[in-house]
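Observations on the three-dimensional arrangement
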Amino acid sequence: QVQLVESGGGLVQAGGSLRLSCAASGGTFSDYAMGWFRQAPGKERELVVGINWSGGSTYYADFLKGRFTVSRDNAKSTVHLQMNSLKPEDTAVYYCAAQRGRGTYYDYYEYWGQGTQVTVSS
């Protein structure tokens, strides 16, 4: 059983930056691909980024246009999401998720964190 705990959310002005972190426990972190998702009020949850077990392969949603960067530290069992040039439309609850496997991202993730709120003011 893998437990995931996100941190780093908050309120930021448009154009600002935030760095989200997700700490994993209860499993061998390098066995898992990690993803960051977000869900805005009234909208479906969407995949933002994916990163494979080693960090050597990443996926970014087209709407990001280079503003976010995902990284992981397997020695510390953490994954980070650096978010720059934030826009009001980035406001959402952000979730990290884990799925065992060697892929970069998946349609299904078995383990989820509780989420962290990101609010971008205009």
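Bear in mind that the values here come from a model prediction, so they are computed numbers and not experimental data.

1. Digging into the nonpolar core
- L4, M34, W36, L81, M83 and Y94 are the most contacted members of the largest nonpolar core, which totals 30 residues.
- Looking at this core, the elements that each hand over two or more residues are β3 (18-25), β4 (32-39), β5 (46-51), β7 (68-73), β8 (78-83), β9 (92-100) and β11 (116-121).
- Excluding residues that lie within four positions of it along the chain, Y94 makes contacts with E6, L20, W36, F37, R38, V48, F68, L81, M83, G115, T116 and V118.

2. Notes on the side chain of E6
- As for its placement among the helices and strands, E6 is situated in strand β1 (residues 3-7).
- Although buried, E6 forms no salt bridge, and the nearest oppositely charged side chain, R45, lies 9.1 Å from it.
- At 3.0 Å, the side chain of E6 and the backbone nitrogen of Q114 are in polar contact.
- Here G115 takes part through its backbone nitrogen, which lies 2.9 Å from a polar atom of the side chain of E6.
- Excluding anything up to four places from it in sequence, E6 contacts S21, C22, W36, Y94, Y95, C96, G113, Q114, G115 and T116.

3. Notes on the pairing of β4
- Of all eight residues in β4, seven are buried; the element is thus mostly enclosed.
- Pairing analysis gives eight bridges linking β4 to β9, with the strands arranged antiparallel. Within β9, the position partnered with R38 by the bridge is Y94.
- Looking at chain direction, β4 and β5 are connected through five bridges and run antiparallel. Each residue of the ladder has a partner; that of F37, found in β5, is L47.
- Joining the antiparallel neighbours β4 and β5 is a turn of six residues, in which G42 adopts a positive phi near 80 degrees.

Parameters at a glance
Residues numbered from 1 in each chain as written. Predicted model: local features only at pLDDT ≥ 70, side-chain atom pairs only at ≥ 80, totals over all residues. Heavy atoms only, no water. Core = buried A, V, L, I, M, F, W, Y, C linked by side-chain atoms within 4.5 Å. Buried < 20%, exposed > 50% of the residue type's maximum accessible area, 1.4 Å probe, protein only. Helix = DSSP H or I, 4+ residues; strand = E, 2+ residues; numbered from the N terminus. Contact = heavy atoms within 4.5 Å. Lys, Arg positive; Asp, Glu negative; His and termini not counted. Salt bridge = Lys/Arg side-chain N within 4 Å of Asp/Glu carboxyl O. Polar contact = N/O pair within 3.5 Å; in protein donor to acceptor, adjacent residues only side chain to side chain. Pairing = 2+ DSSP bridges.

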